[in-house]
Amino acid sequence: MSLLPLAIAILINFSIGQFYAWSVLVAPLEDALGADRSDISLPYSISFITMTIGMFVSHSLLKNISFPYLLFVIFTLGGLGLAIAGYLEALWGLIVGYGVLFGFTIGVGYFLAMTAASLKLPVRPSIALSLNMSAFAGGGLVWPPIFKVIIDWHGPHAVLLLSSMYLIIVGSIGGVLMYTARLPAHSGSEEGGGMFGQILTREPKTFILLWISFILFGFAALMSIGHAAGIAIDYGIPADQAYWAPMLINLVYIGCALTAGIICDWITGKRVLIGIAAMTAIPLLLLFVAPSPATSLIALAVVGGAFGASSSAYPVTVAGYYGVAALPRIYGRMATAFGISGLAGPLAAGLLYDWQGDYSIAILIASILAGAGVVTLWLLPRMKAKVLTD
């Protein structure tokens, strides 16, 4: 057995992790295009929709196209999308290139990374999945300063053009390496029928409860960390120090993503997910009851850690209920919950802020939703007493 698939999975997720660097591009794109904030936010919002579609259809694509070819094709498509966004220097170019094409690439790429990380490897599945998922957030730490240097050098559109070349190179090299390795196909690639076959799986109660909990928890987490800098400022952190909030979130996110999947092996994924939802509800409630600058940073860091933990705990839990072979197919469908919460959560927090003038009501609602997630997860069937090694 080779570690090559895991290395490729980590590279894929790290590469598409530049999605987390979008905020660095917002103000420079506003200046370059003469657009307002809502216009520039549109491509990013659309990308959540196309990313969700990409995750949903990926299993069907992989049934008809081999992994190496699909990796090359989808990263080339994403590269072309970023090239369109960078070369045309127009809002519609951003919408089509970044929002539609690159967003779809993120969804399929995320699925391919999970597929590669769940092949037969010389490490435990929980470790492989944790390393793989943390790479996505790792991109959120590495890409922003790189983008900032390029913006200072030649503007935001140079970032998009250089990123397009990078994606095509990664897709080409990754595809060639996977092709020459002649690795066996994923054992679950032929399961599940068509795109909508067995959409609720053979255990619909389990799938529905996990999906609903994913929406509740994701909505709550993204209502808060999606506005991290704004919340920090609103609760008394000086504007020139508000960067501590997203930085702390990313650091804790990565640490928890690396460890949560492994902890699932010890105390079961169901218990870990209940703890994650509680880790979101309690600090947010504390922030609402006892607001202060320090409490805001602590609460955001804990919620960021919970969100990071969920990125590995949810797939490991799905594998615990359905088996590693079925993981990419089922999690690809379950990830539609991430698309819904990712699109609606930050938007809802923004609307509540505009209505209320501060984030207090958004924080309270986020805490209540996370608490509802605890209840939903508690209703999950008992997990089988088996070690995740298949």
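Residues numbered from 1 in each chain as written. Predicted model: local features only at pLDDT ≥ 70, side-chain atom pairs only at ≥ 80, totals over all residues. Heavy atoms only, no water.

Engineer: What is the right way to read the pattern of salt bridges from this model?
Structural biologist: Oppositely charged side chains may form a pair once their charged atoms are brought near each other. One pass over the full model with this rule turns up two salt bridges. In this structure, Arg124 and Asp265 form a salt bridge, with 3.0 Å as the shortest nitrogen-oxygen distance. Of this pair, Arg124 sits in the loop between helix H5 (91–117) and helix H6 (125–154) while Asp265 is found in helix H10 (residues 244–267), placing the two residues 141 residues apart along the sequence. One salt bridge connects Asp152 with Lys148, and the closest N-O pair in it is separated by 3.0 Å. Of this pair, Asp152 and Lys148 are both found in helix H6, four residues apart, which corresponds to roughly one turn of the helix. (Salt bridge = Lys/Arg side-chain N within 4 Å of Asp/Glu carboxyl O. Helix = DSSP H or I, 4+ residues; strand = E, 2+ residues; numbered from the N terminus.)

Engineer: Help me understand helix H13 (residues 327–334), please; the structure alone is not making it clear to me.
Structural biologist: Of all the eight residues making up H13, eight are buried; the element is thus mostly covered by neighbouring parts of the structure. Buried within H13 are the following residues: Leu327, Pro328, Arg329, Ile330, Tyr331, Gly332, Arg333 and Met334. (Buried < 20%, exposed > 50% of the residue type's maximum accessible area, 1.4 Å probe, protein only.)

Engineer: Explanation requested: the side chain of Thr105 in the structure shown.
Structural biologist: You can see Thr105 is positioned in helix H5. Residue classification places Thr105 among the buried residues on the basis of a relative accessible area of 0%. Within the local environment of Thr105, its side chain forms a polar contact with the backbone oxygen of Ile74, the two atoms lying 3.1 Å apart. Sequence-distant contacts of Thr105, that is, excluding residues within four places in its chain, are made with Ile74, Phe75, Leu77 and Gly78. (Polar contact = N/O pair within 3.5 Å; in protein donor to acceptor, adjacent residues only side chain to side chain. Contact = heavy atoms within 4.5 Å.)

Engineer: For this particular structure, what's the right way to read the layout of surface pockets?
Structural biologist: Using a probe with the size of a water molecule, rolled over the atoms, empty space left in the structure can be pinpointed. Space inside the largest pocket adds up to approximately 1700 Å³. Residue assignment for the lining of the largest pocket shows that the elements contributing at least two residues are helix H2 (22–33), helix H3 (37–64), H6, helix H8 (204–225), helix H9 (228–234), H10 and helix H14 (336–356). Element by element, the count of residues in the lining of the largest pocket is highest for H14, at eight residues. For the lining of the largest pocket, a count of residues per class yields 28 nonpolar, 12 polar and three charged. (1 Å grid on protein atoms, 1.4 Å probe; cavity = no way out; pocket = protein on both sides within 12 Å on 5 of 7 lines; lining within 4 Å. Points joined across faces, edges and corners; volume = space filled by probe spheres on them. Nonpolar A, V, L, I, M, F, W, Y, C, P; charged D, E, K, R; others polar.)

Engineer: Just to check I follow, could you spell out the nonpolar core for this structure?
Structural biologist: For soluble globular proteins, nonpolar side chains are generally found buried alongside one another. Core analysis: the largest hydrophobic core is formed by 118 residues, its most contacted members being Leu112 and Leu210. Tallying contributions element by element places helix H12 (residues 293–322) first for this core, with 13 residues. Look past the residues within four positions of Leu112 in its chain and what remains in contact with it is Ile12, Leu62, Phe67, Leu70, Leu71 and Ile74. (Core = buried A, V, L, I, M, F, W, Y, C linked by side-chain atoms within 4.5 Å.)

Engineer: Just to check I follow, could you spell out empty space enclosed by the protein for this structure?
Structural biologist: On inspection of all chains with the given rule, the structure shows four cavities of 30 Å³ or more. Estimated volume of the largest cavity: approximately 150 Å³. Around the largest cavity, the lining residues are Tyr20, Met55, Tyr110, Phe136, Phe214, Tyr253, Phe307, Ser310, Ser311, Tyr331, Ala335 and Phe338. When residues of the lining of the largest cavity are assigned to their parent elements, the largest contribution, three residues, is made by H12. By residue class, the composition of the lining of the largest cavity is 10 nonpolar, two polar and no charged.

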